[in-house]
Amino acid sequence: MYETLTFEISDHIAHVVFNRPRLRNAMNVTSWRELGEVFNRISEMPEARVAVLSSTGPHFSAGIDLKSLGSLLDASGEIDEGRRREALMRIILELQDTVSALEKCRVPVLAAVQGGCIGGGVDIISASDMRYCTEDAYFVIKETEIGMTADLGTLQRLPHLIPAGAMRELAFTGRDMAANEAREIGLVNQVYVDHESMLAGVMEIAHQIAAHSPLAQRGVKEMLNFARDHSVADGLNYIAVWNAAMIEGSEMMEAMAARRGKRAATFNDLLERIDIDPKPKAAAE
């Protein structure tokens, strides 16, 4: 179904895997389109309760494919400069929407990084909820080195994840940040010896998340993202309204009963999107 990634779901865990290892999982036009599509799809899957994003080969992602970038920047025909630039702005906004699909996905997204996480790769993990990596992982805001300003979310999201001084140094210098430093400053939650142990560890965390109420998890993600961009007072008001509307007493009772009985709790899946048919059905004769 997908050219540049693989996707499967099992035990309520949606697993997306970048699959262009020979090209260091560089992101071409197809990669960006498919990444947005798969996370929008996961967000609408009732059985999905958590998502894991990992990769194949020695590197997580080399960022945007430079050949793809060149084709986007090249203009063809007799087009005036203003219209060319307006078209480029729309392309940037579309790519931003792709990255934002991870942040807007209604389930938590866990990123598992090995090797290089470069440029657009940093944009992508910055939009994830949690990040994990291997000992050989390194992170680079590469855009600075190629004469541009990162524009897909790194400069907007990363300052909320790591200290300001570290953020500015990485952005201005374009230097590599190794796994141990990423752990020290809080970019990643855990560093694993190798890819195999990382995936095993991340999947264990994903199973813990999937065992909880998906409605409660939905609320957690909504509140955390809202709190990042709003005042404490706004956040407190929102959670009051949210819980008054969304809290499900039967699930709280089930969770407590499961703890007392030392068993796994059972929760209903979230619902699919309810589509409203824009065409009214013909009246019965």
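In the block above lies the structure referred to throughout.
In this text the structure is predicted, and so the values were computed from the model without any measurement.

Undergrad: An account of the packing of helix 1 (residues 29-43) against helix 3 (residues 81-104) is needed here, citing residue identities and associated values.
TA: For any two helices packed against each other, the geometry is given by the interaxial angle and the distance between the axes. Helix 3 packs onto helix 1 with a crossing angle of 30° between their chain directions and a minimal axis gap of 8 Å. What the angle tells us is that helix 1 and helix 3 run roughly parallel. For the pair helix 1 and helix 3, the sense of crossing is left-handed. Where helix 1 abuts helix 3, its residues Trp-32, Leu-35, Gly-36, Phe-39, Asn-40 and Ser-43 lie against Leu-95, Thr-98, Val-99, Ala-101, Leu-102 and Lys-104.

Undergrad: Outline the sheet that holds strand 4 (residues 109-113), supporting the account with residue identities and numerical values.
TA: Reading across the sheet, the six strands line up as 1-2-3-4-6-9 and stay open at both edges, with mixed pairing between neighbours. Strands at the two margins of the open sheet, each flanked by one partner only, are strand 1 (5-10) and strand 9 (190-192). Between one strand axis and the next, the sheet turns by 20° as a mean value, whatever way the strands run. Summarising the sheet, strand 3 (residues 50-55) and strand 4 pair through three bridges and their orientation is parallel.

Undergrad: Summarise unusual backbone geometry; cite the residues concerned and give the values.
TA: For Asp-11, which is not a glycine, the phi torsion comes out positive at approximately 55°. Relative to the elements of secondary structure, Asp-11 occurs in the loop between strand 1 and strand 2 (13-18). At Asn-25, a position not held by glycine, the phi torsion is positive, near 55°. Along the chain, Asn-25 turns up in the loop between strand 2 and helix 1.

Undergrad: So what about the side chain of Arg-49? Which residues, and what values?
TA: In this fold, Arg-49 is placed in the loop between helix 1 and strand 3. A polar contact is formed between the side chain of Arg-49 and the side chain of Asp-269, at a distance of 2.9 Å. When near neighbours in sequence (up to four residues on either side) are disregarded, Arg-49 contacts His-12, Val-107, Pro-108, Ile-209, Ala-210, His-212, Pro-214, Phe-267, Asn-268 and Asp-269.

Undergrad: I'd like to hear about the environment of Lys-221, residue by residue, with values.
TA: With respect to the secondary-structure elements, Lys-221 resides in helix 9 (residues 214-229). Taking the C-alpha atoms as reference points, Lys-221 and Asp-129, 92 residues apart in sequence, are found 8.3 Å from one another. Once you skip the residues sitting within four places of it in the chain, Lys-221 turns out to touch Leu-102, Glu-103, Cys-105, Arg-106, Val-107, Pro-108, Val-109 and Asp-129. Side-chain polar atoms of Lys-221 contact the backbone oxygen of Val-107, separated by 2.9 Å.

Undergrad: Talk me through empty space enclosed by the protein; I want residue IDs and the actual numbers.
TA: Counted under the stated rule, the structure contains one cavity of 30 Å³ or more. A volume near 40 Å³ is recorded for the largest cavity. In this structure, the largest cavity is lined by Val-122, Phe-139, Val-140, Ile-141, Leu-158, Leu-170, Met-177 and Leu-187. Looking at the lining of the largest cavity residue by residue, the class counts come to eight nonpolar, no polar and no charged.

Undergrad: Can you explain a negative patch on the surface? Please cite residues and give values.
TA: A cluster of like negative charges, contributed by Glu-135, Asp-136, Asp-194 and Glu-196, occupies part of the molecular surface. Turning to its location among the elements, Asp-136 is positioned in the loop between strand 6 (130-134) and strand 7 (138-140).

Undergrad: Requested: an account of helix 9, with residues and values cited.
TA: Over its 16 residues, helix 9 extends 23 Å from the first C-alpha to the last, a length consistent with the 22 Å expected when each residue adds 1.5 Å. Along helix 9, the residues that are buried comprise Pro-214, Gln-217, Gly-219, Lys-221 and Met-223. Lining the buried residues of helix 9 we find helix 3, strand 4, helix 8 (195-210) and helix 10 (232-246). Residue Ser-213 occupies the N-cap position of helix 9, its side-chain oxygen lying 3.3 Å from the main-chain nitrogen of Leu-215.

Undergrad: Before we move on, can you summarise the pattern of salt bridges with the specific residues and values?
TA: Tallied over the full model, the rule gives 16 salt bridges. Look at the salt bridges and you will find they share partners, linking Glu-103, Arg-157, Arg-228 and Asp-229 into a network.

Undergrad: Talk me through helix 1; I want residue IDs and the actual numbers.
TA: For helix 1, with 15 residues, the first-to-last C-alpha span of 22 Å sits near the 21 Å given by 1.5 Å per residue. The backbone nitrogen of Thr-30 has a side-chain oxygen 3.2 Å away, supplied by the residue at the start of helix 1, namely Asn-28.

Undergrad: So what about the state of the cysteines? Which residues, and what values?
TA: Per the stated rule, a full pass over the model turns up zero disulfides. Left without a disulfide partner, Cys-105 is nearest to the cysteine sulfur of Cys-117, which lies 18 Å away. Look at Cys-105 and you get buried, because its relative accessible area is 1%. Of all cysteine sulfurs, the one in Cys-117 lies closest to Cys-133, which takes part in no disulfide; the gap is 9.3 Å.

Undergrad: Before we move on, could you go through the environment of Ile-92 and cite the residues and values that matter?
TA: Along the polypeptide, Ile-92 turns up in helix 3. Using a relative accessible area of 24% as the deciding quantity, one classes Ile-92 as partly exposed. The spacing of Ile-92 and Leu-152 is 60 residues in sequence and 7.4 Å in space, taken between C-alpha atoms. Sequence-distant contacts of Ile-92, defined by excluding residues within four places in its chain, comprise Asp-151 and Leu-152.

Reading guide: rules and limits
Residue positions are given per chain, counted from 1 along the sequence in the order it is written. The model is predicted, so local features are restricted to residues of pLDDT at least 70 and side-chain atom pairs to those at 80 or more, both for listing and for counting; the totals for chains, interfaces and linings are taken over all residues. No hydrogens and no water enter the side-chain calculation; it runs on all heavy atoms of the structure. To define axes, lines are fitted to C-alpha atoms, for helices over the stretch in contact only, and angles between the resulting N-to-C directions are given on a 0 to 180 degree scale. In this text, helices come from DSSP runs of H or I with a minimum length of four residues, and strands from runs of E with a minimum of two, each type numbered from the N-terminal end. Convention used here: angles under 35 degrees read as roughly parallel, angles over 145 as roughly antiparallel, angles from 65 to 115 as roughly perpendicular, and any remaining angle as oblique. The hand of a helix crossing depends on one turn: near helix anticlockwise from the far one by less than a right angle means left-handed, and clockwise means right-handed. Contacts are assigned to residue pairs with any non-hydrogen atoms lying within 4.5 Å of each other. Any two strands between which DSSP finds at least two bridges are classified as paired. By the criterion applied in these results, polar contacts are pairs of N or O atoms within 3.5 Å in which, for protein atoms, one can donate a hydrogen and the other can accept it, and in which residues neighboring in sequence qualify only through two side-chain atoms. Put plainly, a pocket is an open set of points on a 1 Å grid over the protein atoms alone with protein on both sides within 12 Å along at least five of seven lines, a cavity is a set where a 1.4 Å probe fits but cannot get out, and a lining residue has an atom within 4 Å of a point. Grid points are joined across faces, edges and corners, and a volume is the space filled by probe spheres set on the points. Here the nonpolar group is Ala, Val, Leu, Ile, Met, Phe, Trp, Tyr, Cys and Pro; Asp, Glu, Lys and Arg are the charged ones; every other residue, Gly included, is treated as polar. Only residues whose relative accessible area exceeds 30% and that take part in no salt bridge are eligible for patches, with like-charged residues grouped when within 9 Å of each other and nonpolar side chains (Val, Leu, Ile, Met, Phe, Trp, Tyr) grouped when within 5 Å. Reported accessibility uses the Shrake-Rupley method at a 1.4 Å probe radius. Residues are deemed covered only where the shown protein chains occlude them. The working definition used for a salt bridge is a side-chain nitrogen of Lys or Arg within 4 Å of a carboxyl oxygen of Asp or Glu. Within this scheme the basic residues Lys and Arg register as positive and the acidic residues Asp and Glu register as negative, but His and the chain ends are omitted. Charge positions are represented by NZ for Lys, CZ for Arg, CG for Asp and CD for Glu. A helix is expected to span 1.5 Å for every residue after the first. Throughout this description, buried means an accessible area under 20% of the type-specific maximum (1.4 Å probe, protein chains only), exposed means over 50%, and partly exposed covers the range between. Note that a disulfide, as used here, is simply two cysteine sulfur atoms within 2.5 Å.

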